[in-house]
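Structure at a glance
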Amino acid sequence: MAQYTRVSGSVGLITLQSPPVNALSAAVRQGIVDLMQRALSEPEVKSVVICGQNGIFCGGADIKEFGGQMSGPPLIPMIHAIEAASKPVVAAIEGIALGGGLELALGCHYRIAHSKAKVGLPEVTLGLLPGAGGSQRLPRLIGVPAALDLITTGRHVTAAEALKFGLVDQITDHNTVNVAVKFAQRVTDQPLDARRISTYPCLCPPDVDVLFEEVMQSVRRTARGAIAPIACVQAVRAAATLPYNQGMERERELLATLFTSGQAHALQYFFFAQRAVGRWSMPSGARWDTSKPRPVHKAAVIGLGTMGRGITVALAQAGFSVVAVETQEKQLMEAKQAISGMLERGAKRRGVAPALDKINYGRNIQSVADVDLVIEAVFEDMALKKKVFQQLSAVCKPSTFLCSNTSGLDIDQLACQTRNPELVVGMHFFAPAHVMKLLEVVYGPKSSPLAVATAMQLGKKIGKVSVAVGNCRGFVGNRMLKPYLEQALFLLEEGATPEFVDQVLEEFGFAMGVFRMSDLSGLDVGWKVRMADGLAMPDSTTGQPTRLRQGRRYSPLGDLLCEQRRFGQKTGRGWYQYDKPGSQVAKPDPWLHRFLDEYRARHALVAHRIDHQEVLERCLYSMINEGFRILEDGIAAGPEDIDVIYVFGYSWPRHRGGPMFYAATVGLNKVLERLEHYYQAHPDVPSLQPCPLLRKLVASGSPPIQKWREVIKKVRSQL
Ligand SMILES: CCC[C@H](O)CC(=O)SCCNC(=O)CCNC(=O)[C@H](O)C(C)(C)COP(=O)([O-])OP(=O)([O-])OC[C@H]1O[C@@H](n2cnc3c(N)ncnc32)[C@H](O)[C@@H]1OP(=O)([O-])[O-]
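Residues numbered from 1 in each chain as written. Predicted model: local features only at pLDDT ≥ 70, side-chain atom pairs only at ≥ 80, totals over all residues. Heavy atoms only, no water.

As annotated in an unreviewed UniProt entry, the protein is Peroxisomal bifunctional enzyme from Neolamprologus brichardi. As recorded by UniProt, the Subcellular location (unreviewed entry) comment attached to the protein reads in full: "Peroxisome". (UniProt positions renumbered as here; feature names shortened; annotations may be inferred.)

Structure follows, in structure tokens:
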């Protein structure tokens, strides 16, 4: 909807009214069309201002409408009519002008923005392109290089940057609508021809072909199979090479292909999934909207290794006072230097002062006595963590929240060490903790909704996408990673090479295949865990056959590499070889291939030809199957939680929506059928046995992913 008022006698003010972001729904578009006609027909009205209610100009086309039958006036003719208007139209941009919202503003003759406003064309992040003339008008207004940058990245730019580009005509610190009204009065008699962007020539740099070639290559490299960024380059190229009308036709064709693509559906699902995880719930019935967080002013981090340093930086950058504790003097000094460097580099990038004074360093755990929340980030060793929690419980004020940065240990065991177990939660950060967006907030059986709400809010304040998950080995992310890694090892045993498995996974869209990823994170990390679990033991100590553990198939390949001190990049050898320790360029290693041949011969394994499909299905479906178990167990509240964790924490390609969305696109019956097939072939691999929830969903007719929660509820209530 939109509202019309006459201001200062001669200005028609059209206010978009569609909370929360004034998206261009059918009703809003109809409102704009009707009210523009009214403004143009009233003789007293000499100019028009378009603004949005509640300090928000417009968040773009209404994404919720994309799934259904489109109705109401289409955007393109509506924007053309504004541009063609005989009276000046000024956009008063407050808050945001994104996507169709910015395209609407580009149809106006002038743009006035508040200094705190942000503008951008983020359609690419939804699997689309700016398809209401944005791909054709923006390069005509700000030039091809800047338009390519904005359209292919979808980044939001500040009003100051927009002014520099010439994207807005003026910025103001005052009431933007008032400034725009005054501006509109001033330009009443100005000729409009020179203000219609569609009539501008598209000014290109002399080497524009080279520029397009370079941008296309770079987009292909980083897109990991996403099609929208490529279509965005093609659309801007049309603006640079074709007259406006033909460019619009090309924009329309390209958008039509994207609009119905699976990638656009996946990305739009993911947009809403990201928002859904904020509406967390616990099996107890506690929820985001009934659980109030307690404010945190001062926090502490215990243990300043890699993770502790990143967490300290994230907290300080967000404005929290931090007490950073490391018991060894030498490590403390090293950490202080590293943290200061990280803060200084980050501040330089963002053009702000480094938050060095937010941090107090100390060696004594007593120094955390008065903080509101502690994040323990010592080594992943249960005995050590228990000791730290006992100390914290004795030292801290009774109301302090005690959180553990663990990647999979039992939160409940830590809670049991404290006076107030209800204030204990897990906060699983991902390395590097000041960069990675994901945070798993882990509640144990004793964690209170207050503690979960507080950790979730802290996560939001430090810029993380936080997902509340239940307490189990590995939580959501690492629990699902286990069968994935396991299948990759089995595939090597059966004849594949690390290069082939990685190639298949990277072609699927992962930033790194499983073996390159293991080399990067260090093979010794998992080895230590397997040792502690009694898995990675030589035969003589356990008396068990090498390839069988606890009655299940087990691959000791990773352990054997670790015994050779091949820990990955850091030692210059792992699943690949590297020029020197620390180098990141992975090269196939003939030693490894010989080692695999010998290993197969030793265990009488006959290598067979493994194809692309088998790698994908075994690695991904076993992981997805574990995802269904997680849903069945109530560890994640819904498939969106899992998908958000995988995209933000495990480099799952966003244009495939996440593992659970992917399962829905492949077809649940196909996933079930293939799991049954592989389980029959490998009955000693329980992770391939289809989960009952998956069977139940298939039996219920494979409902759309948005309806899974209903089936999950029923399954859980029967358990
Ligand atoms: C023909 C083609 C034309 C065109 O080129 C295509 C487009 O314009 S494509 C569009 C291009 N535009 C974009 O890509 C912009 C997408 N939006 C954003 O980036 C952020 O939402 C924004 C920055 C606006 C606000 O961030 P924030 O302050 O952190 O708040 P928040 O994120 O939590 O959102 C609050 C609520 O608003 C909802 N909602 C938001 N936008 C839309 C929408 N367009 N539609 C519908 N709903 C939308 C959102 O779901 C949430 O609902 P709920 O029920 O409360 O969960």
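There is more to say after this.
**What to know about the overall build of the protein**
A tally of regular secondary structure across the protein gives 29 helices and 19 strands. The globule rule puts the C-alpha radius of gyration for 719 residues at 27 Å, and the 28 Å found for the protein is close to it. On the principal axes, the C-alpha backbone points of the protein span a range of 95 × 60 × 55 Å. The buried share among the 719 residues of the protein stands at 56%. Taking as baseline every contact in the protein between residues at least 6 positions apart, the subset at least 24 positions apart corresponds to 72%. With an accessible surface of roughly 30300 Å², the protein has 54% of that area assigned to carbon and sulfur atoms. (Helix = DSSP H or I, 4+ residues; strand = E, 2+ residues; numbered from the N terminus. Rg over C-alpha atoms; globule rule 2.2 N^0.38 Å. Buried < 20%, exposed > 50% of the residue type's maximum accessible area, 1.4 Å probe, protein only. Contact = heavy atoms within 4.5 Å. Areas by Shrake-Rupley, 256 points an atom, 1.4 Å probe, with all protein chains shown as cover.)

**Points about the pattern of salt bridges**
Within the structure shown, the criterion is met by 41 salt bridges. Between Arg-6 and Glu-44 there is a salt bridge; the shortest N-O distance is 3.7 Å. A residue pair is termed long-range when its members are at least 10 positions apart, and Arg-6 in strand β1 (residues 2–7) and Glu-44 in the loop between α1 (26–41) and β3 (47–52) qualify at 38 residues. A relative accessible area of 38% places Arg-6 in the partly exposed class. With a shortest N-O distance of 3.2 Å, Arg-250 and Glu-253 are connected by a salt bridge. Residue Arg-250 and its partner Glu-253 are located together in helix α10 (residues 244–259), separated by three residues, close to a single helical turn. The exposure class of Arg-250 is partly exposed, given its relative accessible area of 30%. One network of salt bridges, with partners in common, ties together Glu-493, Glu-494, Arg-547, Arg-553, Glu-614 and Arg-618. (Salt bridge = Lys/Arg side-chain N within 4 Å of Asp/Glu carboxyl O.)

**Section: the domain arrangement of the protein**
Domain annotation for the protein reports domain 1 (2–259), domain 2 (298–473), domain 3 (495–602) and domain 4 (612–718). Inter-centroid distance (C-alpha atoms) of domain 2 to domain 4 is 32 Å. On the domain 4 side, the residues contacting the 14 residues of domain 2 number eight residues. Across the interface of domain 2 and domain 4, roughly 870 Å² is buried in total on both sides, 73% from carbon and sulfur atoms. Here domain 2 and domain 4 share zero salt bridges between them. (Domains from an automatic or database assignment. Buried area = accessible area lost by both parts, 1.4 Å probe.)

**A short note on the site of the ligand**
Around the ligand, the surrounding shell holds 27 residues, and the nearest of these are Ala-61, Gly-100, Glu-103, Glu-123 and Arg-275. One of the backbone nitrogen or oxygen atoms of Ala-61 is found 2.9 Å away from an oxygen atom of the ligand. Within the contact set of the ligand, an oxygen atom lies 2.8 Å away from a side-chain nitrogen or oxygen of Glu-103. Against a free-state accessible area of 1000 Å², the protein chains account for coverage of 72% of the ligand. Within the residue set of the shell around the ligand, elements represented by two or more residues are β5 (96–98), α3 (100–107) and α11 (262–276). (Near = heavy atom within 4 Å. Polar contact = N/O pair within 3.5 Å; in protein donor to acceptor, adjacent residues only side chain to side chain.)

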